[in-house]
4 protein chains.
Amino acid sequence: MSGINKVILVGHLGKDPEVRHLDGGVTVASFPLATSETYNKDGKRVEQTEWHNIVLWRGLAEVASKYLQKGKLVYIEGKLRTRSFEDKEKVKKYVTEIVAENFTMLGRKSDFEQSPTATIHQAPAERKIEDEFTIGPSDENGDLPF
Amino acid sequence: MSGINKVILVGHLGKDPEVRHLDGGVTVASFPLATSETYNKDGKRVEQTEWHNIVLWRGLAEVASKYLQKGKLVYIEGKLRTRSFEDKEKVKKYVTEIVAENFTMLGRKSDFEQSPTATIHQAPAERKIEDEFTIGPSDENGDLPF
Amino acid sequence: MSGINKVILVGHLGKDPEVRHLDGGVTVASFPLATSETYNKDGKRVEQTEWHNIVLWRGLAEVASKYLQKGKLVYIEGKLRTRSFEDKEKVKKYVTEIVAENFTMLGRKSDFEQSPTATIHQAPAERKIEDEFTIGPSDENGDLPF
Amino acid sequence: MSGINKVILVGHLGKDPEVRHLDGGVTVASFPLATSETYNKDGKRVEQTEWHNIVLWRGLAEVASKYLQKGKLVYIEGKLRTRSFEDKEKVKKYVTEIVAENFTMLGRKSDFEQSPTATIHQAPAERKIEDEFTIGPSDENGDLPF
DNA sequence: TTTT
DNA sequence: TTTT
């Protein structure tokens, strides 16, 4: 039976999206997203920031690379995926990413003046499971995509 | 400004919850949760399973250890948290976990015969950010909690 | 700027889906869904059930009518939509519905023996806003679809 | 068995929160929230706005009345509840509301300068089901709270 | 009108 | 390591 694997984030991009074109012409974009939480500790206001690795595929990657930039506030919906790779020293490592399924730009209108205002969805024909595509450090130079 | 960091999962426990009592009497429970996705690839039905590291604190940990077992179907709501630790060889590693905020047991009644049927929430006074508590491999014996 | 309008439900169908074919060949299905919450009141276990009006369009309606029946446990994701209509006495009324965007069958396998096990999504080309289609009492016979 | 009844909204307040104090000193706040969706229809950009009736109880109502105003952008999490009431003519009517469980203010920092930046949760002891409290038109003057 |  |  099927399960549910859903992530909902609202946060700011830590960097501009990094776009890559895989063999076969598939586009992948990725960027770090920060979600901050503020709480009181001994009467003081403390902020804790969590960083998330966001990955977008194909059309969604192209829209993201066009409209999202470092610092923008964005709503992202996607699913968790943990994948393994070998680093430069051939050590097996794991990274957990959020594979985006759709996103919506939030924040001041001026931030997105030439941009679409709708929620951007993963295009339909593109909704396959992406695991055949091995992106990441092991393919290229051992650096994390984030 | 605050962000949103929310995870929603429906899946089966891969193992019984593992319960630990930290110094100071704080209870932590953890277990792996599988969410399966089925899709068609070249006309064949393929199943892909994603494994998630679930962590529960205090009262929620105690309820989980009492009512959840390997194989059970459960709805879990929580937030993502990536933490670092050093493995036995002093190599810095990262693990992404879902810190549960509430859960609901799903599935056949017989699966939960002596159990409560309500959604179990993290008790209020317990809703602090848990980062002061360094659980995990480096503290104790080098094993991942998962 | 765009907003977010998302509903996540896990519950049981109160009736079999009711299927209608609109002019133009568009299929619409609808059914009531019950979500139950259990809580303690003065030491007694009390159950409170909320009923939701679920609406599905086109391909999603067809899949639902094929695989969902009264009593089944289902995960539904969709959006809220409130629409007005006139009842038999020409009184303007409002009804709030959940327009489903995808669903996943949960529960025992035997419940879904000949059914697909994947999450069912609204097909892509079908992802338009449905407000041109005025279904409901005023069109036909004054009965609520629920 | 318990179900799930969850709503996630990001939108703008249509009015300032309206605060009421029930007998017994319980505070209730309510306001309309707009979520907009933009889509293409025959090559033209069309915006469709959905209005939601938000209700907040006790401490959450008090925080909302203090920090939220007409026009602000807010993330709201809650559950659906449909209740009936009699209007001035003693006609039974239904209204579906979102009972907020927590909210987070989004948007420009200047919008919330003297405000907390954390997600505001329904305080724990307050997490009861609210159906003993009959708020709404029938109690007072026949007007919808929205 | 569901389910436990 | 789950489940169907």
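Residues numbered from 1 in each chain as written. Chains lettered and ligands numbered in written order. Predicted model: local features only at pLDDT ≥ 70, side-chain atom pairs only at ≥ 80, totals over all residues. Heavy atoms only, no water.

Participant: Can you tell me about the relation of the copies chain C and chain D, naming the residues and giving the values?
Facilitator: Between the two copies, chain C and chain D, the superposition gives an RMSD of 0.0 Å; the rotation angle is 180 degrees and the shift along the axis is 0.0 Å. Here the symmetry operator amounts to a two-fold rotation axis. Minimal C-alpha distance to the rotation axis in chain C is attained by C:Val7, lying at 2.3 Å. In this assembly the copies share their binding face: 100% of the residues contributing to the interface of chain C also contribute to that of chain D. (Least-squares fit on C-alpha atoms with pLDDT ≥ 70 in both. Contact = heavy atoms within 4.5 Å.)

Participant: An account of the interface of chain C and chain D is requested, with residue identities and associated values reported.
Facilitator: On the chain D side, the residues contacting the 31 residues of chain C number 31 residues. Taken together, the two surfaces of chain C and chain D that pack against each other cover about 2,700 Å², and 52% of this comes from carbon and sulfur. Inspection of the region where chain C meets chain D yields 2 salt bridges. The interface formed by chain C and chain D includes 10 residue pairs in polar contact (both at pLDDT 80 or more). Broken down by secondary-structure element, the contributors of at least two residues to the side of chain C that touches chain D are strand 1 (4–13), strand 3 (27–41), strand 4 (44–57), strand 5 (73–86) and strand 6 (92–105) of chain C. In terms of residue count, strand 1 of chain C provides more of the side of chain C that touches chain D than any other element does, 8 residues in total. Its residues placed into classes, the side of chain C that touches chain D shows 12 nonpolar, 11 polar and 8 charged. In terms of strand pairing, strand 1 of chain C meets strand 1 (residues 4–13) of chain D through 7 bridges, oriented antiparallel. Paired with C:Leu9 across the strands is D:Asn5, a residue of strand 1 of chain D. (Buried area = accessible area lost by both parts, 1.4 Å probe. Salt bridge = Lys/Arg side-chain N within 4 Å of Asp/Glu carboxyl O. Polar contact = N/O pair within 3.5 Å; in protein donor to acceptor, adjacent residues only side chain to side chain. Helix = DSSP H or I, 4+ residues; strand = E, 2+ residues; numbered from the N terminus. Nonpolar A, V, L, I, M, F, W, Y, C, P; charged D, E, K, R; others polar. Pairing = 2+ DSSP bridges.)

Participant: If you had to explain the pairing of strand 1 (residues 4–13) of chain A to someone new, which residues and values would you point to?
Facilitator: Residues and elements named next belong to chain A. In terms of burial, strand 1 is largely enclosed, as 9 of its 10 residues are buried. Sheet analysis places strand 1 next to strand 5 (residues 73–86), joined by 6 bridges and oriented antiparallel. Across the sheet, residue Ile8 finds its bridge partner in strand 5, namely Glu77. Examined bridge by bridge, strand 1 and strand 3 (residues 27–41) share 2 bridges and lie antiparallel to one another. Across the sheet, the residue bridging to His12 is Ala34, located in strand 3. (Buried < 20%, exposed > 50% of the residue type's maximum accessible area, 1.4 Å probe, protein only.)

Participant: Which residues make up the pattern of salt bridges, and what values go with them?
Facilitator: Any two side chains of opposite charge can pair, given that their charged atoms come close. Evaluation of the coordinates by the stated rule reveals 20 salt bridges over all chains. Between B:Lys79 and A:Glu37 there is a salt bridge, and its shortest N-O distance comes to 3.1 Å. With one member in each of two chains, B:Lys79 in strand 5 (residues 73–86) and A:Glu37 in strand 3 form a pair that bridges those chains. For B:Lys79, a relative accessible area of 16% translates into the label buried. One salt bridge in this structure joins C:Lys6 and A:Glu77, with 3.0 Å as the shortest N-O distance. Residue C:Lys6 is located in strand 1, and its partner A:Glu77 is located in strand 5; the two belong to separate chains. Here C:Lys6 and A:Glu77 have matching classes, each one buried. Here the salt bridges share partners, and the residues they tie into one network are A:Lys6, A:Glu77, C:Lys6 and C:Glu77.

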